Amino acid sequence: MAGNTFGEAFRITTFGESHGTAIGVIIDGCPAGLILDLDFVQAELDRRKPGQSKITTQRKESDTAQILSGIFEGKSTGTPISFLIPNEDQRSKDYDHNVGPFRPSHADYTYQAKYGIRDHRGGGRSSARETAARVAAGAVAKLFLKQVAGITINAYVSAVGKMKVEKPYTELDLSSAENNILRCADPEKAEEMIAYIDGVRKAGDTVGGILTCVAQKVPVGLGEPVFDKLHADLGKAMLSINAVHGFEYGSGFEGATLLGSEHNDLFETDFSTRTNNSGGIQGGISNGEDIYFKVAFKPVATIMKGQDTVDKDGNKVELHGKGRHDPCVVPRAVPIVEAMAALVLADHYLRNKNAKI
Ligand SMILES: Cc1cc2nc3c(=O)[nH]c(=O)nc-3n(C[C@H](O)[C@H](O)[C@H](O)COP(=O)(O)O)c2cc1C
Ligand SMILES: C=C(O[C@@H]1CC(C(=O)O)=C[C@@H](OP(=O)(O)O)[C@H]1O)C(=O)O
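Keep in mind it's a predicted model, so treat the numbers as computed, not measured. (Residues numbered from 1 in each chain as written. Chains lettered and ligands numbered in written order. Predicted model: local features only at pLDDT ≥ 70, side-chain atom pairs only at ≥ 80, totals over all residues.)

On to the overall build of the protein, then. Within the protein one finds eight helices and 16 strands. At 21 Å, the protein has a C-alpha radius of gyration in line with the 21 Å of a compact globule built from 357 residues. A buried classification covers 44% of the 357 residues belonging to the protein. Long-range pairs, those at least 24 residues apart, make up 71% of the contacts in the protein with a sequence separation of at least 6. (Helix = DSSP H or I, 4+ residues; strand = E, 2+ residues; numbered from the N terminus. Rg over C-alpha atoms; globule rule 2.2 N^0.38 Å. Buried ≥ 20, exposed ≤ 12 C-beta atoms within 10 Å, placed from the backbone. Contact = placed C-beta atoms within 7 Å.)

Structure, rendered in structure tokens:
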């Protein structure tokens, strides 16, 4: 299976399946001398781990990361950094019924068709369990960005189903998102949204949602002007997360409804801009303003209701969802989106060193 590596200068390779022995990640290209705060890495994993509240999957994984290499006296050595995260609570028997039927809108059919062999226990490699490895690596990227340039990255839930946070991120306290189990930066909306997700869960159904992510203190000059535009790499990073169906940065789809005279970001004499419809990126290169973007997640495919489907021989069968699944992925997706953003920015930060003398 190809495509398990992401990034160029700051590169990660993830491995492992949801019901195998462990998952993990190897990070290549992290400079030497970074203070590797392992408590921070674990805290990031704790934000993503399953079983953390009534509105997430009830699979209980501690997601305890063991660091295997690349560290000496608390600092990175410049050699590959690797983390191992054992799987502790697979309960694979719940998936015996999955040998035959394909779950509609999961990856069961496409994996079977492409490889002819498939670990039917959970989603195997297609399970979002793999994203724990990305979060461990993303935590290292966050530490790097903070230590070299003071860059911060914060995501929060800005919509669940049809319910939306109306205020822009500039009017919200982004750190307040950690105060509720949904990770929504609008506390009043959070309560309504949590109650809604809980109702959907009790009905055996699932619902989608949107995250907003903001990167601040990103210096001017990150990104490449042609194919590896900063927003193109952010888009790929976000669309590589399980269940993501949409990405927009800056004014996004709404920007298409405006006139140029309404949309242009006018300069101040210090080259900052009065507005930020560009989302901090122009011509694929960061301009020093906040980088902000939205990521849309579909409703989780595995529902606890009977559904018509087919088995691998094309026979019609009825599927009854089993196992432990998220009714809505957005609360756990917050650290994943931040991690992928950090990986892209760390990669471009290191690549930017070749830009000029
Ligand atoms: C944090 C997170 C948790 C998820 N939890 C589940 C889950 O419990 N059950 C499920 O069927 N899909 C879940 N998904 C989505 C599947 O992993 C995803 O739909 C599947 O890999 C097929 O890929 P696609 O939806 O991107 O086409 C989750 C996704 C994320 C990001
Ligand atoms: C285990 C995690 O979440 C899983 C994500 C997931 C999916 O299909 O994406 C399906 C469920 O697990 P399984 O692979 O056992 O079916 C979730 O519990 C995790 O994120 O660590």
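All right, on to the site of ligand 1 then. Residues in close proximity to ligand 1 total 21 residues, the closest being Ala128, Asn242, Thr302, His325 and Val329. In terms of residues, the shell around ligand 1 owes the most to one element, helix α8 (residues 330-351), which gives three residues. The class makeup of the residues in the shell around ligand 1 is nine nonpolar, nine polar and three charged. (Near = placed C-beta within 6 Å. Nonpolar A, V, L, I, M, F, W, Y, C, P; charged D, E, K, R; others polar.)

For ligand 2, the set of nearby residues contains 15 residues, the closest of which are Ser18, Thr57, Gly122, Ser127 and Ala128. Residue classes in the shell around ligand 2 are distributed as three nonpolar, eight polar and four charged.

The sheet built from five strands is open, its strands ordered β9-β8-β10-β14-β11 with antiparallel pairing. Lying at the two open borders of the sheet, with one neighbouring strand each, are β9 (163-164) and β11 (244-249). Two strands pair when backbone bridges link them, and strand β8 (residues 152-160) and strand β10 (residues 209-216) are joined in this way by eight bridges, in the antiparallel orientation. Across the sheet, residue threonine 152 finds its bridge partner in β10, namely glutamine 216. Across the sheet, helix α5 (residues 230-239) lies against β11 and β14 (291-297), angled at about 160° from β11, the strand it touches most. (Pairing = 2+ DSSP bridges. Axes fitted to C-alpha atoms, helices over the stretch in contact; angles between N-to-C directions.)

Turning our attention to the sheet that holds strand β1 (residues 5-6). Spatially, the five strands line up as an open sheet ordered β1-β2-β3-β7-β4, and their pairing is antiparallel. Because the sheet does not close on itself, it has two edges, and the strands there are β1 and β4 (66-69). Note that strand β3 (residues 22-28) and strand β7 (residues 81-86) share six bridges and pair antiparallel. Bridge pairing links isoleucine 23 to isoleucine 85 in β7. With respect to the sheet, helix α3 (residues 131-149) is in contact with β2 (11-16), β3 and β7, its orientation differing from that of β3 by roughly 30°.

Turning next to unusual backbone geometry. With a phi close to 50°, aspartate 63 is a non-glycine residue in the positive phi region. Among the structural elements, aspartate 63 can be located in the loop between α1 (38-48) and β4. Here lysine 217, not a glycine, exhibits a phi torsion of approximately 65°, which is positive. For lysine 217, the location among the structural elements is in the loop between β10 and α5.

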